[in-house]
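The residues making up each chain are set out below.
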Amino acid sequence: QVQLRESGPGLVNPSGTLSLTCAVSGGSISSTNWWIWIRQPPGKGLEWIGEIFHSGNTNYNPSLKSRVSISVDKSKNRFSLRLRSVTAADTAVYYCAKRGKYAFDIWGQGTMVTVSS
Amino acid sequence: QSALTQPASVSGSPGQSITISCTGTSSDVGGYNYVSWYQQHPGKAPKFMIYDVSNRPSGVSNRFSGSKSGNTASLTISGLQAEDEADYYCSSYTSSSSFYVFGTGTKVTVL
């Protein structure tokens with residue numbers, strides 16, 4: 001059974017870059033799945049950030065597209081999120097997930113990222 | 001792309017049935033049978049409950065069922081139990097450049 005685990009700094013300075021990694025275990029990142037980033041601001045709903053296929057193909061939420069990039073490292077069986085020019089509005093729990101066809105069937109436990117000086 | 005619309009809260013007594021609606025447009029809910037549902041307990045990651053409108057993944061109780069009519073999808077919880085108290089989110093594929101959109105979320109309270 002595939003498991004996902006997010007890691008990265010819990011505190012990022014305003015105007016800085018948020019960087020998170022999702023480690024994939026129990027399966028290969030090169031399988032026929034898309035790998036997802038989703039976030040949830042405190043007390044609010046879920047927001048799809050974007051996704052990547054093992055080939056490197058990506059799709060991004062248009063509202064974040066100018067600031068976000070997702071990459072994959074097949075040698076380490078992991079994928080990563082970078083979000084540039086962050087503000088307090090980017091404070092959220094960030095989840096990585098696997099998309100099986102058209103649903104998010106496996107989720108990481110989530111990691112809280114606070115944007116503050 | 002706006003979030004799909006869900007009621008902020010729904011409540012019911014143990015043993016009762018409740019239904020949560022998820023309203024979108026013909027570009028998402030109404031246009032595709034790619035609606036999924038997620039359960040989220042406080043401080044926990046969402047749990048995958050329903051996919052492709054009405055299919056349950058292995059291990060999900062058959063008390064949970066999904067359906068769709070036009071631009072509105074629904075999640076029904078029958079035989080409501082205390083453990084069902086949680087937030088519920090729908091999601092849909094969308095033909096807009098947003099690819100995937102979530103609902104606003106519904107808090108289910110077991111009275």
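Residues numbered from 1 in each chain as written. Chains lettered and ligands numbered in written order. Predicted model: local features only at pLDDT ≥ 70, side-chain atom pairs only at ≥ 80, totals over all residues. Heavy atoms only, no water.

(A) The arrangement of the overall build of chain A in detail. Across its full length, chain A carries zero helices and 11 strands. Order of helices (α) and strands (β) in chain A, N terminus to C terminus: β-β-β-β-β-β-β-β-β-β-β. In terms of overall dimensions, chain A is globule-like: its C-alpha atoms have a radius of gyration of 13 Å, near the 13 Å expected for 117 residues. Expressed as lengths along the three principal axes of its C-alpha atoms, the size of chain A is roughly 40 × 25 × 25 Å. The burial tally for chain A puts 50% of its 117 residues in the buried class. Total accessible area on chain A stands at roughly 5,300 Å², and carbon and sulfur atoms take up 47% of it. A distance of 3 Å separates the average location of the 13 positive side-chain charges in chain A from that of its 6 negative side-chain charges. (Helix = DSSP H or I, 4+ residues; strand = E, 2+ residues; numbered from the N terminus. Rg over C-alpha atoms; globule rule 2.2 N^0.38 Å. Buried < 20%, exposed > 50% of the residue type's maximum accessible area, 1.4 Å probe, protein only. Areas by Shrake-Rupley, 256 points an atom, 1.4 Å probe, with all protein chains shown as cover. Lys, Arg positive; Asp, Glu negative; His and termini not counted. Charge placed at Lys NZ, Arg CZ, Asp CG, Glu CD.)

(B) Highlighting the packing of aromatic side chains. One pass over the structure, following the stated rule, counts 21 aromatic pairs over all chains. Summarising the aromatic geometry, the rings of Tyr32(B) and Tyr34(B) are spaced 6.2 Å apart at their centres and angled 15° between planes, so their arrangement reads as stacked. The class of Tyr32(B) is partly exposed, set by a relative accessible area of 26%. Classification of Tyr34(B) as partly exposed rests on a relative accessible area of 25%. Here Arg99(A) stacks its cationic end above the ring of Tyr102(A), 6.0 Å away from the centre of that ring. (Phe/Tyr/Trp six-rings, centres within 6.5 Å; stacked < 30°, edge-to-face > 60°. Lys NZ or Arg CZ within 6 Å of the ring centre and 35° of its normal.)

(C) Region of interest: the state of the cysteines. Under the defined criterion, the tally for this structure stands at two disulfides over all chains. One disulfide in the model links Cys22(A) with Cys96(A); its S-S distance is 2.1 Å. Because the torsion about its S-S bond is 60°, the bridge between Cys22(A) and Cys96(A) counts as right-handed. One end of the pair, Cys22(A), is in strand E3 (residues 18-25); the other, Cys96(A), is in strand E9 (residues 92-100), and 74 residues separate them in sequence. Side by side, Cys22(A) and Cys96(A) carry an identical accessibility label, which is buried. The residue that forms a disulfide with Cys22(B) is Cys90(B), at a sulfur-sulfur distance of 2.0 Å. When the S-S torsion is 80°, as for the bridge of Cys22(B) with Cys90(B), the disulfide is right-handed. One end of the pair, Cys22(B), is in strand E2 (residues 18-23); the other, Cys90(B), is in strand E7 (residues 86-93), with 68 residues separating them in the sequence. (Disulfide = S-S within 2.5 Å.)

(D) Broad picture of the pattern of salt bridges. Residue and element names in this part refer to chain B. For the coordinates displayed, the defined rule picks out six salt bridges over all chains. Across the pair Arg63 and Asp84 runs a salt bridge, and its minimum N-O distance is 2.7 Å. Residue Arg63 is located in the loop between strand E4 (47-50) and strand E5 (64-69), and its partner Asp84 is located in the loop between strand E6 (72-77) and E7; the two are separated by 21 residues in the primary sequence. With relative accessibility at 13%, the residue Arg63 sits in the buried group. (Salt bridge = Lys/Arg side-chain N within 4 Å of Asp/Glu carboxyl O.)

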